[in-house]
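Structural description and commentary
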Amino acid sequence: MHPNLIGGEWRTGEPFLNINPSDLGDVIGEYARATVADCRDAIAAARGAGKAWGLTPPQARADLLYKVAAGIEAEAGKLADLLAREEGKTLREAAGEVLRAVQLFRFYAGEALRGPGERYDSSRPGIEIQVTREPVGVVGLITPWNFPIGIPTWKIAPALAWGNAVVLKPADLVPGCAWELARIIHEAGAPPGVFNLVMGRGSVVGAEIIDNPGVDAISFTGSVETGAKVLQGAAARGAKVQMEMGGKNPLVVLADADIDRAVQVALDGAYYGTGQRCTASSRLIVEDAIHDRFVAGLAEALAAQVVDDARKPGTTIGPVVDQRQYEQDLRYLDIGRGEAHLAWGGAPLERATRGFYLQPALFTEVRNDMTIAREEIFGPVAAVIRVKDYEEALAVANDTPFGLSAGICTTSLKHAQHFRRHAEAGMVMVNCPTAGVDYTAAFGGRKASSYGSREQGRYAVEFYTTVKTAYQAM
Ligand code: NAD
């Protein structure tokens, strides 16, 4: 039984199971489901410990983060295996995500030491102004299942670095990596209450984090539907909130694109991670002159993919994460067959073990007003929309309720620059996949994709600190 971490103590509870989507007979472990009372205790512990933590010298916070980074690095192979086993992404992808967690803890250890702030003379004589950043207090972190160590880390590391106390509620589908991360943070010597883990249902534990006045700020990543509840709850009590949600990310392929590169960019962006990435390229907007060659190239690339157990060497696309997501993907495939042309794939697959295996699917003759071009599927499914020129491509790319990531494949400097300026998205990719970002740069979107300030890089300081302006007569 993997217990919750509350005020520095491990606390058991009613168990729930963590199941391997590559092999439904493989139970990874039992995890303690936190109750509302557990969650309240965790928040109270964080409140109790937060003040002192926020006043520790930056070196103490940096030292803890460096230790956590070293702890993750020392167990990187084991953690990558666990990640692939509980989430279903390939071992290669899982290893990359674990490495990212190490890098993030190191980056924010450095940020703790750099200490943001400024001092200047007042416009009035004899007065000095100091603008400093202080911790927000207790932050509640609610995370999704698709990056089981990456997303918790890119919230926990800046939160701790800038002196906040944390209550983490990971997605119930992937408690394993979050639990190991909690253990490593605990073993690295985080003072009791500074970091708390409460595993459990969103409607119970997540809802308590949203409503409890002891939580000063909430960082949420997940679906648009849950995001709406988070925003309502936070607004009702005036809590600071930041949200990253869905996407329907366009990848424009112009006639002058390097076709091999465009196919690789589309393959990676749309299908790796089993298409279960908020930044996945689910709309491939292709100029007429290159359309048929691009579709043929992508279909050929899909035929070469190996869909199998996430931990098997040679697998390039792992299973879908669970039954519910699998059924959602199949439902959208049915809708797509009714609306457009299924050019490749889309069949459920059987493998040596029972799991949620699905052939990647490519639809063509898609119009941007069709359901499969409007709604986030969150599976290995992409829709090709044919356009006559760049202007139409840009208009189609921007015609969506979402605005997370937008990409273009072109060798034209003019179009690349124009797209960078005019794409209505938080992140723009030129000749690289819409998914796959840098931990040192701002992460986030526009429109229905995001709310509040950016995550990652130095931009995270905006959410995890609050500004104080001090005037002092000299
Ligand atoms: P989800 O919204 O179902 O769950 C996200 C988290 O919210 C989970 O921890 C869940 O338990 C919790 N939750 C559920 N109901 C809640 C409630 N009523 N109150 C409080 N918390 C609640 O999302 P998911 O299925 O885990 O993840 C998939 C979604 O996440 C997709 O829509 C995807 O686009 C999005 N996502 C976005 C980003 C991004 O950065 N934009 C990154 C990854 C995933």
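So, how was this worked out
Residues numbered from 1 in each chain as written. Predicted model: local features only at pLDDT ≥ 70, side-chain atom pairs only at ≥ 80, totals over all residues. Heavy atoms only, no water. Helix = DSSP H or I, 4+ residues; strand = E, 2+ residues; numbered from the N terminus. Buried < 20%, exposed > 50% of the residue type's maximum accessible area, 1.4 Å probe, protein only. Contact = heavy atoms within 4.5 Å. Areas by Shrake-Rupley, 256 points an atom, 1.4 Å probe, with all protein chains shown as cover. Lys, Arg positive; Asp, Glu negative; His and termini not counted. Charge placed at Lys NZ, Arg CZ, Asp CG, Glu CD. Pairing = 2+ DSSP bridges. Expected span 1.5 Å × (residues − 1). Core = buried A, V, L, I, M, F, W, Y, C linked by side-chain atoms within 4.5 Å. Patch = residues over 30% accessible without salt bridge, like charges linked within 9 Å, V, L, I, M, F, W, Y side chains within 5 Å. Salt bridge = Lys/Arg side-chain N within 4 Å of Asp/Glu carboxyl O. Near = heavy atom within 4 Å. Polar contact = N/O pair within 3.5 Å; in protein donor to acceptor, adjacent residues only side chain to side chain. 1 Å grid on protein atoms, 1.4 Å probe; cavity = no way out; pocket = protein on both sides within 12 Å on 5 of 7 lines; lining within 4 Å. Sits in = over half its atoms within 2 Å of the grid points. Nonpolar A, V, L, I, M, F, W, Y, C, P; charged D, E, K, R; others polar. Phe/Tyr/Trp six-rings, centres within 6.5 Å; stacked < 30°, edge-to-face > 60°. Lys NZ or Arg CZ within 6 Å of the ring centre and 35° of its normal. Axes fitted to C-alpha atoms, helices over the stretch in contact; angles between N-to-C directions. Parallel < 35°, antiparallel > 145°, perpendicular 65-115°, else oblique. Left-handed = near helix turned anticlockwise from the far one by under 90°.

1. Points about the overall build of the chain
- Helix and strand content of the chain: 15 helices and 24 strands.
- Expressed along its principal axes, the backbone C-alpha trace of the chain runs to roughly 70 × 60 × 40 Å.
- Counting every position in the chain, which comprises 474 residues, the buried fraction comes to 58%.
- A sequence separation of at least 24 residues applies to 72% of the contacts in the chain between residues at least 6 apart.
- Put simply, the chain shows about 18400 Å² of open surface, and 52% of that area lies on carbon and sulfur atoms.
- One way to put it: in the chain the 48 positive side-chain charges average out to a point 5 Å from where the 56 negative ones average out.

2. Details of the pairing of strand S17 (residues 361-364)
- On S17, burial covers both faces: Ala361 and Phe363 on one face and Leu362 and Thr364 on the other are all buried.
- Relative to S17, strand S14 (residues 341-344) is paired through 3 bridges, and the arrangement is antiparallel. Residue Trp344 lies in a different strand from S17, and its bridge partner there is Leu362.
- Inspection of the sheet shows S17 paired to strand S18 (residues 381-387) by 3 bridges, in the parallel sense. The partner of Leu362 across the bridge, within S18, is Ala382.

3. Let's talk about helix H9 (residues 259-271)
- Given a rise of 1.5 Å per residue, 13 residues ought to cover 18 Å, and the 18 Å separating the end C-alpha atoms of H9 matches this to within 8%.
- Those residues of H9 that are buried are in contact with strand S12 (249-253), strand S13 (281-287), helix H10 (288-303), S17, S18 and strand S20 (405-409).
- Looking one or two residues past H9, Gly273 carries a phi angle of roughly 65°, positive in sign.

4. A short note on the nonpolar core
- Counting residues in each nonpolar core, the largest one holds 66 residues, and the members touching the most others are Ile72, Phe105, Tyr108, Ile156, Phe195 and Leu197.
- Sort the elements by how many residues they give to this core and helix H4 (residues 91-114) lands first, with 10 residues.
- Excluding anything up to four places from it in sequence, Tyr108 contacts Leu65, Ala157, Pro158, Ala161, Trp162, Gln456, Gly457 and Ala460.
- By size, the runner-up hydrophobic cluster in this structure holds 32 residues, among which are Leu24, Ala373, Leu394 and Ala406.

5. Notes on a nonpolar patch on the surface
- Residues Leu17, Ile19 and Val27 make up a contiguous nonpolar surface patch of about 230 Å² in total accessible area.
- Its relative accessible area of 33% is what places Ile19 among the partly exposed residues.

6. Quick word on the environment of Gln323
- By secondary structure assignment, the location of Gln323 is in helix H11 (residues 323-339).
- Given the relative accessible area of 42%, Gln323 is considered partly exposed.

7. Quick look at the site of the ligand
- Close contacts around the ligand come from 28 residues, with Thr143, Ser223, Thr226, Met245 and Glu376 the closest.
- A distance of 2.7 Å is found between an oxygen atom of the ligand and a side-chain nitrogen or oxygen belonging to Thr226.
- When the ligand is considered free in solution it has 850 Å² of accessible area, and contact with the protein chains removes 89% of it.
- Judged by its atoms lying within 2 Å of the grid points, the ligand is housed in the largest pocket.
- For the shell around the ligand, the elements supplying multiple residues, two or more each, are helix H7 (202-211), strand S10 (217-221) and helix H8 (224-236).
- Residue contributions to the shell around the ligand peak at 4 residues, all from H7.
- Classifying every residue of the shell around the ligand gives 14 nonpolar, 9 polar and 5 charged.

8. Some words on the packing of aromatic side chains
- Inspection of every chain in the model, using the stated rule, returns 9 aromatic pairs.
- Ring geometry for Trp10 and Trp179: centres 5.3 Å apart, planes at 40°, overall tilted. Note that Trp10 is positioned in strand S2 (residues 9-11) and Trp179 in helix H6 (residues 175-187), a separation of 169 residues in sequence.
- When its relative accessible area of 32% is taken as the criterion, Trp10 is described as partly exposed.
- Judged by centre distance (6.3 Å) and plane angle (45°), the ring pair of Phe16 and Tyr31 falls under tilted. Of the two residues, Phe16 sits in strand S3 (residues 14-20) while Tyr31 sits in strand S4 (residues 23-33), which places them 15 residues apart along the sequence. Like Tyr31, Phe16 is buried.
- Aromatic rings pair up to connect Phe107, Tyr108, Trp162 and Tyr439 into one cluster.
- Directly above the aromatic system of Phe147 lies the positively charged group of Lys89, at a separation of 3.8 Å from the ring centroid.

9. Overview of the packing of helix H2 (residues 58-74) against H6
- The geometry of H2 relative to H6 is characterised by a closest axis approach of 9 Å and an angle of 130° between their N-to-C directions. On the basis of their axis angle, the class for H2 and H6 is oblique. Regarding H2 and H6, the two cross each other, and that crossing is right-handed. Contacts between H2 and H6 involve Leu64, Val68, Gly71 and Ile72 from the first element and Leu181, Ile184 and Ile185 from the second.
- Of the residues contributing to the contact of H2 with H6, the split by class is 6 nonpolar, 1 polar and no charged.

10. Overview of the sheet that holds S17
- An order of S14-S17-S18-S13-S12-S20-S21 is seen for the 7 strands of this open sheet, with the pairing classed as mixed. At either margin of the open sheet sits one strand with a lone partner, and together these are S14 and strand S21 (427-430). Strand-to-strand twist of the sheet, defined as the mean angle between neighbouring strand axes without regard to direction, takes the value 25°.
- Here H11 sits on the sheet and contacts S14, S17 and S18; the angle it forms with S17, its principal contact strand, is near 25°.

11. Concerning the side chain of Thr143
- Within the secondary structure, Thr143 sits in the loop between strand S7 (138-142) and helix H5 (150-161).
- With a relative accessible area of 6%, Thr143 lands in the buried category.

12. Describing the pattern of salt bridges
- Tallying each qualifying case throughout the model produces 31 salt bridges.
- One salt bridge in this structure joins Arg311 and Asp81, with 2.8 Å as the shortest N-O distance. Here the residue Arg311 occupies a position in the loop between H10 and H11, and Asp81 occupies one in helix H3 (residues 76-87), the gap between them amounting to 230 residues.
- By relative accessible area, Arg311 is classed as partly exposed at 27%.
- In this structure, Glu365 and Arg386 form a salt bridge, with 3.3 Å as the shortest nitrogen-oxygen distance. One end of the pair, Glu365, is in the loop between S17 and helix H12 (371-374); the other, Arg386, is in strand S18, with 21 residues separating them in the sequence.
- A relative accessible area of 44% places Glu365 in the partly exposed class.
- Each of Glu75, Lys78, Glu180, Arg183 and Glu187 takes part in salt bridges that share partners, so that together they form one network.

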